[in-house]
Amino acid sequence: MSSPSVYIKTYGCQMNKLDSALVTSALRAAGFGLTDNAKEADVVLINTCSVRDHAEQRVLSHLGHLKHLKKTRPGLMVGVIGCMAQRLGEKLFQHEAVDLVCGPAQIPQISQLLADALHEKQKRLAITEKIRQKEPENQNLALEQFESAYGIEDRQLPGQAYVRVMHGCNRFCSYCVVPYVRGPEVCRPPAAIIEQIRKLADAGVKQVTLLGQTVNSYKYTAGEKTYCLADLLATASNIAGIEWLKFVTSYPAEEFLDEILQAMADSPKVCHYLHMPAQSGSDKILRAMSRHYTAAQYLELLDKARAIVPDIAVAGDFIVGFPGETEEDFQATIDLTRKAKYKNCFIFKYSPRPGTRADKKLQDNIPAEVKKRRNIELLAVQERISDELSRDFLGRQVKVLVEGLSKKAHLNLDQSSSERQLVGRTAEDWIVVFNGPISLAGQLAKVKITKTSPLTLFGQLC
Ligand code: 5AD
Ligand code: SF4
């Protein structure tokens, strides 16, 4: 029999995209085939997200579809990995469509679990009973070995890669499920991170994005020295081949922020981009969210960032309709959004997550239609800000790292030309669409901006 082929579907954030890349490499190394075509796969692996109910519902409906498919293809194996696997463990295991459940901490075992399940035709469940307990050394070691061994070959975008600097989260914002599904914060050793970036550079990677739930609190003590994110950025800046370094997501706290902003100002390779969610502009709501800062303190951090790195582009996240959010609280969020002058914002409607403190203590008392209206209103406010900021680019030349073909058709193309519509991003994370040869994917290019819109810049190759 030829090696079984696996199709991986990824829901959720960059962490999940990185995990899927690692799993892809690991499975390939173990002799599995990987396919982009779900129809021809022997195994479907779904990498899941639990951050909002909507994300989980999408996975459950995908599983419903697979349950039907299995009636005509009884040999098809279905695995669920990632955050939902950890959160719903046994319940998912009982789902008719599911053969394998593997939590984020058990990912290093994925090839073995899959091989066992296929060989023995028996369901497999691998999750941690007590996710918040300090992980045993051997488990940390297994995660670290897995992390360093894989992910060099399999990347979603040419010329780019994600590198995790820390697992988990210790912040416990009252609405958030992450600390319960990804476990306690564990920072990776700097030597392992730098070695990985070096290997990626050797493989042609130009942009590395360092990932952590609160990436700016990265801290690792080895002997006498404590390393912070700024140290990683400075060391990685010296690696030949690496052109751009980004990092997400930052938590609005003083800790290490000065050093990180200084690294941004000092190294031409550290991109002038900061993703630092405020979540709300109301101090009352921020307190209920356990965010440990006020709106004024948040804005002070942004002032400081702009003083050290004047052209820094800032992105944010907001949750609207948090329990108890009045019109006045929402107005405070609009005010903060205006003052913060974000490049762009991700806006979410509050979704109660079982097990979190907000869910246990507070009633989800904002009606769905109010959440929806506030979401639309805040988006409109942000759109005007983004529109204004984007207009500044008209007539200017920008450097972009080309991602590949643009999915949406935006520009007129000469049908006879070999050029295609490409999309790339600037160091400040602006999306740029322009016509050019597909061979530019993974390369840096210069584009002159001829047209702007709130979220996308359009231009011509220089
Ligand atoms: N409901 C809505 N949005 C949430 N987020 C996290 N938890 C929830 C929740 N329960 C949002 C936050 C976070 C982003 C990744 O998802 O804004 O920054
Ligand atoms: Fe969730 Fe807060 Fe941790 Fe971010 S910092 S992952 S919102 S608990």
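Keep in mind the model is a prediction, meaning the values are calculated, not measured.

A. A look at unusual backbone geometry. A cis amide bond links Val248 with the next residue in sequence, Thr249, at an omega value of 0 degrees. Examined against the element boundaries, Thr249 turns out to sit in the loop between strand 13 (244–248) and helix 9 (257–266). Of note, the phi angle at Ser290 is positive, near 55 degrees, even though the residue is not glycine. Considering the arrangement of structural elements, one finds Ser290 in the loop between helix 10 (283–288) and helix 11 (295–308). Since its relative accessible area comes to 13%, Ser290 is described here as buried. Phi at Asp429 takes a positive value of approximately 75 degrees, unusual for a residue other than glycine. One can find Asp429 in the loop between strand 18 (420–425) and strand 19 (431–436). Under the relative-accessibility criterion, Asp429 is labelled buried at 12%.

B. Region of interest: the domain arrangement of the chain. Taken domain by domain, the chain holds domain 1 (5–126), domain 2 (153–271), domain 3 (304–392) and domain 4 (394–461). On a C-alpha basis, the centroid separation for the pair domain 1 and domain 4 is 35 Å.

C. Structural detail: the nonpolar core. Counting residues in hydrophobic clusters, the biggest one holds 72 residues, and the most contacted among them are Ile197, Leu210, Leu229 and Phe247. Ranked by residue count, the leading element in this core is helix 11, at six residues. The residue makeup of this core includes at least three contributed by each of domain 2 (153–271) and domain 3 (304–392). Look past the residues within four positions of Leu210 in its chain and what remains in contact with it is Val163, Val165, Ile197, Val215, Leu229, Leu232, Leu233, Lys246, Phe247 and Val248. If you look at the next biggest cluster of nonpolar residues, it comprises 27 residues, including Met15, Leu22, Leu45 and Val248.

D. Geometry of the sheet that holds strand 16 (residues 344–349). Read across the open sheet, the three strands follow the order 14-15-16; overall the sheet is parallel. Two strands lie at the open edges of the sheet, namely strand 14 (273–275) and strand 16, each paired on one side alone. Within this sheet the neighbouring strands show an average axis-to-axis angle of 10 degrees, counted without direction. Pairing between strand 14 and strand 15 (residues 313–320): three bridges, direction parallel. When the bridges of strand 15 are listed, Tyr273 appears paired with Ala313. Sitting on the sheet, helix 14 (residues 368–391) touches strand 15 and strand 16, and the angle it makes with strand 16 is about 180 degrees.

Cut-off values and rules
- Residues numbered from 1 in each chain as written.
- Chains lettered and ligands numbered in written order.
- Predicted model: local features only at pLDDT ≥ 70, side-chain atom pairs only at ≥ 80, totals over all residues.
- Heavy atoms only, no water.
- Helix = DSSP H or I, 4+ residues; strand = E, 2+ residues; numbered from the N terminus.
- Buried < 20%, exposed > 50% of the residue type's maximum accessible area, 1.4 Å probe, protein only.
- Domains from an automatic or database assignment.
- Core = buried A, V, L, I, M, F, W, Y, C linked by side-chain atoms within 4.5 Å.
- Contact = heavy atoms within 4.5 Å.
- Pairing = 2+ DSSP bridges.
- Axes fitted to C-alpha atoms, helices over the stretch in contact; angles between N-to-C directions.

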